[in-house]
Amino acid sequence: MTDITGRVALVTGANRGLGAAFVAELLERGASKVYAAARRPGSVESDDPRVVPLELDVTDPESIGRAASIATDVSILVNNAGIAVNQSLVSGDLEEIRRELDTNFWGPVLVTRAFSPILEANGGGAIVNMHSALSWLGVGSYSASKAALWSASNSVRVDLAPAGIQVVGVHVGYVDTDMAADVTADKVPPQQVVEEALDAVQNDEAEAVVGDTARYVKSHLHEDVRVLYPQLAR
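So, a few notes on the structure that sits alongside this text. (Residues numbered from 1 in each chain as written. Predicted model: local features only at pLDDT ≥ 70, side-chain atom pairs only at ≥ 80, totals over all residues. Heavy atoms only, no water.)

1. What about the side chain of S135?
Thought 1: Structurally, S135 can be placed in the loop between β5 (125–130) and α4 (140–160).
Thought 2: Taking the relative accessible area as the measure of exposure, S135 reaches 6% and is therefore buried.
Thought 3: Within the structure, S135 has its side chain in polar contact with the backbone oxygen of S132 (distance 2.8 Å).
Thought 4: Of the polar contacts made by the side chain of S135, one reaches the backbone oxygen of K146; its length is 3.4 Å. (Helix = DSSP H or I, 4+ residues; strand = E, 2+ residues; numbered from the N terminus. Buried < 20%, exposed > 50% of the residue type's maximum accessible area, 1.4 Å probe, protein only. Polar contact = N/O pair within 3.5 Å; in protein donor to acceptor, adjacent residues only side chain to side chain.)

2. Quick word on the packing of aromatic side chains
Thought 1: If you walk through the whole model with that rule in mind, you get two aromatic pairs.
Thought 2: Ring geometry for F105 against W106: centres 5.0 Å apart, planes inclined by 70 degrees, an arrangement best described as edge-to-face.
Thought 3: Exposure remark for F105: the relative accessible area of 17% places this residue in the buried category.
Thought 4: Pairing W136 with W150 gives two aromatic rings, centres 5.9 Å apart and planes at 85 degrees, and the pair type is edge-to-face. Within this pair, whereas W136 is found in the loop between β5 and α4, its partner W150 is found in helix α4, the two being separated by 14 residues in sequence.
Thought 5: W136 gets classed as buried once you look at its relative accessible area, which sits at 9%.
Thought 6: Relative accessible area serves as the criterion here: at 28%, W150 is assigned to the partly exposed category. (Phe/Tyr/Trp six-rings, centres within 6.5 Å; stacked < 30°, edge-to-face > 60°.)

3. Focus on the pattern of salt bridges
Thought 1: All chains considered together, the criterion is met by eight salt bridges.
Thought 2: For R99, the salt bridge goes to E96, with nearest N and O atoms at 3.0 Å. You can see R99 and its partner E96 sitting in helix α3 (residues 94–121), three residues apart, about one turn around the helix.
Thought 3: Judged by relative accessible area, E96 falls into the partly exposed class, the value being 25%.
Thought 4: For D212, the salt bridge goes to R215, with nearest N and O atoms at 2.8 Å. Here the residue D212 and the residue R215 both occupy positions in helix α6 (residues 211–219), the gap between them amounting to three residues, near one helical turn.
Thought 5: Its relative accessible area of 61% is what places D212 among the exposed residues.
Thought 6: Three or more residues are tied together by salt bridges with common partners; here these are E25, R29 and D199. (Salt bridge = Lys/Arg side-chain N within 4 Å of Asp/Glu carboxyl O.)

In short, shape yes, function no, at least from these values alone.
Dropping the structure here:
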(Lines give C-alpha, C1' and ligand atoms only; values in the text may rest on other atoms or scores of the structure.)
Protein backbone atom coordinates (compact mmCIF):
# COMPACT_ATOMS: atom_id res chain seq x y z
CA MET A 1 0.00 0.00 0.00
CA THR A 2 1.31 3.45 -0.96
CA ASP A 3 -0.01 6.49 0.88
CA ILE A 4 -0.15 9.49 -1.44
CA THR A 5 -0.29 12.12 1.30
CA GLY A 6 2.97 14.04 1.48
CA ARG A 7 4.48 12.18 -1.47
CA VAL A 8 6.19 13.65 -4.52
CA ALA A 9 4.89 12.35 -7.85
CA LEU A 10 5.83 12.60 -11.50
CA VAL A 11 3.31 12.23 -14.34
CA THR A 12 4.41 11.86 -17.96
CA GLY A 13 2.26 13.39 -20.68
CA ALA A 14 0.86 15.71 -18.02
CA ASN A 15 -0.02 18.74 -20.10
CA ARG A 16 -3.52 17.60 -21.09
CA GLY A 17 -6.16 14.90 -21.00
CA LEU A 18 -5.57 11.99 -18.69
CA GLY A 19 -2.18 13.28 -17.59
CA ALA A 20 -3.64 16.57 -16.38
CA ALA A 21 -6.36 14.63 -14.56
CA PHE A 22 -3.71 12.53 -12.80
CA VAL A 23 -1.92 15.70 -11.67
CA ALA A 24 -5.11 17.19 -10.25
CA GLU A 25 -6.16 13.99 -8.45
CA LEU A 26 -2.71 13.42 -6.94
CA LEU A 27 -2.87 16.93 -5.49
CA GLU A 28 -6.43 16.30 -4.25
CA ARG A 29 -5.14 13.23 -2.40
CA GLY A 30 -2.43 15.17 -0.64
CA ALA A 31 0.69 14.94 -2.82
CA SER A 32 3.16 17.59 -1.71
CA LYS A 33 4.52 18.13 -5.22
CA VAL A 34 3.77 16.85 -8.70
CA TYR A 35 6.22 17.10 -11.56
CA ALA A 36 4.04 17.65 -14.63
CA ALA A 37 6.30 16.22 -17.31
CA ALA A 38 5.81 17.03 -20.98
CA ARG A 39 7.89 17.56 -24.10
CA ARG A 40 6.87 21.21 -23.94
CA PRO A 41 6.67 22.13 -20.25
CA GLY A 42 5.29 25.55 -21.18
CA SER A 43 2.09 23.79 -22.23
CA VAL A 44 1.39 22.77 -18.62
CA GLU A 45 -1.33 25.00 -17.21
CA SER A 46 -1.64 25.20 -13.43
CA ASP A 47 -1.70 27.93 -10.83
CA ASP A 48 -0.98 25.49 -8.01
CA PRO A 49 2.53 26.04 -6.62
CA ARG A 50 2.82 22.30 -5.98
CA VAL A 51 2.85 21.66 -9.74
CA VAL A 52 6.34 21.76 -11.26
CA PRO A 53 6.46 21.66 -15.08
CA LEU A 54 9.32 19.43 -16.24
CA GLU A 55 10.68 18.84 -19.71
CA LEU A 56 10.59 15.14 -20.55
CA ASP A 57 10.43 13.34 -23.88
CA VAL A 58 9.91 9.65 -23.10
CA THR A 59 11.45 8.65 -26.44
CA ASP A 60 14.74 10.47 -25.70
CA PRO A 61 17.10 8.79 -23.19
CA GLU A 62 19.03 12.04 -22.66
CA SER A 63 15.82 13.90 -21.84
CA ILE A 64 14.85 11.15 -19.41
CA GLY A 65 18.26 11.35 -17.76
CA ARG A 66 18.02 15.12 -17.33
CA ALA A 67 14.57 14.79 -15.77
CA ALA A 68 15.81 12.11 -13.37
CA SER A 69 18.69 14.34 -12.29
CA ILE A 70 16.18 17.06 -11.36
CA ALA A 71 13.30 15.08 -9.87
CA THR A 72 15.29 13.21 -7.24
CA ASP A 73 12.52 13.40 -4.63
CA VAL A 74 9.94 11.35 -6.53
CA SER A 75 8.28 8.31 -4.93
CA ILE A 76 5.23 7.95 -7.22
CA LEU A 77 5.66 7.65 -10.99
CA VAL A 78 2.77 7.67 -13.46
CA ASN A 79 3.73 6.46 -16.94
CA ASN A 80 0.86 8.06 -18.81
CA ALA A 81 2.36 9.45 -22.04
CA GLY A 82 1.17 7.57 -25.10
CA ILE A 83 0.17 7.85 -28.74
CA ALA A 84 -2.06 5.91 -31.14
CA VAL A 85 -1.09 5.63 -34.82
CA ASN A 86 -3.55 2.83 -35.64
CA GLN A 87 -1.42 0.92 -38.13
CA SER A 88 -1.77 -2.64 -39.37
CA LEU A 89 1.18 -4.78 -38.30
CA VAL A 90 0.91 -6.60 -41.65
CA SER A 91 0.74 -3.66 -44.04
CA GLY A 92 1.10 -0.45 -42.02
CA ASP A 93 3.81 2.21 -41.96
CA LEU A 94 6.76 0.70 -40.09
CA GLU A 95 8.16 4.07 -39.05
CA GLU A 96 4.86 4.97 -37.44
CA ILE A 97 4.68 1.59 -35.72
CA ARG A 98 8.20 2.06 -34.36
CA ARG A 99 7.27 5.54 -33.14
CA GLU A 100 4.29 4.07 -31.32
CA LEU A 101 6.37 1.34 -29.69
CA ASP A 102 9.05 3.88 -28.75
CA THR A 103 6.42 5.95 -26.95
CA ASN A 104 4.06 3.33 -25.51
CA PHE A 105 6.53 0.56 -24.63
CA TRP A 106 10.13 1.75 -24.57
CA GLY A 107 9.14 5.10 -23.06
CA PRO A 108 7.69 3.65 -19.84
CA VAL A 109 10.48 1.05 -19.67
CA LEU A 110 13.23 3.67 -19.96
CA VAL A 111 11.52 6.06 -17.54
CA THR A 112 11.09 3.20 -15.06
CA ARG A 113 14.77 2.26 -15.36
CA ALA A 114 15.75 5.87 -14.68
CA PHE A 115 13.38 6.48 -11.77
CA SER A 116 13.14 3.15 -9.95
CA PRO A 117 16.50 3.77 -8.16
CA ILE A 118 15.13 7.15 -7.10
CA LEU A 119 11.94 5.60 -5.74
CA GLU A 120 13.99 2.99 -3.88
CA ALA A 121 16.29 5.65 -2.41
CA ASN A 122 13.22 7.53 -1.21
CA GLY A 123 11.92 4.52 0.70
CA GLY A 124 9.87 2.84 -2.01
CA GLY A 125 6.61 3.92 -3.58
CA ALA A 126 4.51 3.18 -6.63
CA ILE A 127 4.60 3.12 -10.41
CA VAL A 128 1.37 3.39 -12.40
CA ASN A 129 1.44 2.21 -16.02
CA MET A 130 -1.40 3.06 -18.40
CA HIS A 131 -2.26 -0.09 -20.30
CA SER A 132 -5.52 -0.47 -22.17
CA ALA A 133 -8.33 -2.93 -22.73
CA LEU A 134 -6.53 -3.31 -26.06
CA SER A 135 -3.63 -4.87 -24.16
CA TRP A 136 -5.88 -7.94 -24.29
CA LEU A 137 -7.72 -7.35 -27.58
CA GLY A 138 -5.74 -7.15 -30.81
CA VAL A 139 -6.47 -4.07 -32.92
CA GLY A 140 -3.27 -3.31 -34.82
CA SER A 141 -0.09 -1.69 -33.66
CA TYR A 142 -1.57 0.15 -30.68
CA SER A 143 -2.71 -3.13 -29.15
CA ALA A 144 0.73 -4.64 -29.69
CA SER A 145 2.41 -1.71 -27.93
CA LYS A 146 0.05 -1.88 -24.96
CA ALA A 147 0.28 -5.67 -24.72
CA ALA A 148 4.05 -5.31 -24.56
CA LEU A 149 3.70 -2.74 -21.77
CA TRP A 150 1.32 -5.03 -19.86
CA SER A 151 3.90 -7.82 -19.99
CA ALA A 152 6.66 -5.42 -18.99
CA SER A 153 4.63 -4.25 -16.00
CA ASN A 154 4.23 -7.83 -14.82
CA SER A 155 7.98 -8.41 -15.07
CA VAL A 156 8.93 -5.10 -13.46
CA ARG A 157 6.49 -5.73 -10.62
CA VAL A 158 8.47 -8.83 -9.68
CA ASP A 159 11.82 -7.07 -10.07
CA LEU A 160 10.88 -4.08 -7.92
CA ALA A 161 8.91 -5.77 -5.14
CA PRO A 162 12.03 -6.28 -2.97
CA ALA A 163 12.66 -2.52 -3.18
CA GLY A 164 9.19 -1.76 -1.81
CA ILE A 165 7.95 -0.43 -5.14
CA GLN A 166 4.38 -1.26 -6.12
CA VAL A 167 3.51 -1.50 -9.83
CA VAL A 168 -0.10 -0.87 -10.88
CA GLY A 169 -1.32 -1.61 -14.40
CA VAL A 170 -4.41 0.28 -15.57
CA HIS A 171 -6.67 -1.26 -18.21
CA VAL A 172 -9.43 0.88 -19.67
CA GLY A 173 -11.43 1.20 -22.89
CA TYR A 174 -11.83 4.49 -24.72
CA VAL A 175 -11.27 7.52 -22.48
CA ASP A 176 -13.01 10.83 -23.14
CA THR A 177 -9.91 12.78 -24.17
CA ASP A 178 -8.57 14.32 -27.38
CA MET A 179 -7.03 10.98 -28.41
CA ALA A 180 -10.52 9.48 -28.73
CA ALA A 181 -12.24 12.62 -30.02
CA ASP A 182 -13.41 10.89 -33.21
CA VAL A 183 -14.63 7.74 -31.45
CA THR A 184 -18.40 7.31 -31.18
CA ALA A 185 -18.29 4.33 -28.79
CA ASP A 186 -18.81 4.68 -25.05
CA LYS A 187 -16.00 6.55 -23.31
CA VAL A 188 -14.86 6.54 -19.70
CA PRO A 189 -14.45 9.97 -18.04
CA PRO A 190 -10.80 10.78 -17.23
CA GLN A 191 -11.73 11.45 -13.60
CA GLN A 192 -13.03 7.90 -13.19
CA VAL A 193 -9.81 6.48 -14.62
CA VAL A 194 -7.50 8.40 -12.32
CA GLU A 195 -9.65 7.81 -9.25
CA GLU A 196 -9.70 4.03 -9.77
CA ALA A 197 -6.01 3.96 -10.67
CA LEU A 198 -5.01 5.83 -7.51
CA ASP A 199 -7.43 3.77 -5.43
CA ALA A 200 -5.45 0.74 -6.60
CA VAL A 201 -2.24 2.43 -5.46
CA GLN A 202 -3.66 3.17 -2.04
CA ASN A 203 -5.27 -0.28 -1.66
CA ASP A 204 -2.10 -2.19 -2.56
CA GLU A 205 -3.57 -3.65 -5.75
CA ALA A 206 -1.64 -4.71 -8.85
CA GLU A 207 -4.29 -3.77 -11.37
CA ALA A 208 -7.15 -1.38 -12.04
CA VAL A 209 -9.70 -2.52 -14.62
CA VAL A 210 -11.78 0.57 -15.37
CA GLY A 211 -15.09 0.67 -17.19
CA ASP A 212 -17.43 -1.87 -18.77
CA THR A 213 -15.33 -2.49 -21.88
CA ALA A 214 -12.17 -3.42 -20.01
CA ARG A 215 -14.09 -5.58 -17.55
CA TYR A 216 -15.90 -7.38 -20.39
CA VAL A 217 -12.70 -8.13 -22.29
CA LYS A 218 -10.92 -9.40 -19.18
CA SER A 219 -13.86 -11.61 -18.22
CA HIS A 220 -13.60 -13.44 -21.56
CA LEU A 221 -9.84 -13.98 -21.71
CA HIS A 222 -10.18 -17.59 -20.57
CA GLU A 223 -12.47 -18.44 -23.50
CA ASP A 224 -11.77 -19.33 -27.12
CA VAL A 225 -10.19 -16.34 -28.84
CA ARG A 226 -13.07 -16.25 -31.32
CA VAL A 227 -15.42 -15.07 -28.57
CA LEU A 228 -13.64 -11.70 -28.70
CA TYR A 229 -13.17 -11.79 -32.48
CA PRO A 230 -16.54 -12.68 -34.04
CA GLN A 231 -15.07 -12.17 -37.52
CA LEU A 232 -13.00 -15.33 -37.00
CA ALA A 233 -16.03 -17.52 -36.38
CA ARG A 234 -16.80 -20.05 -39.12
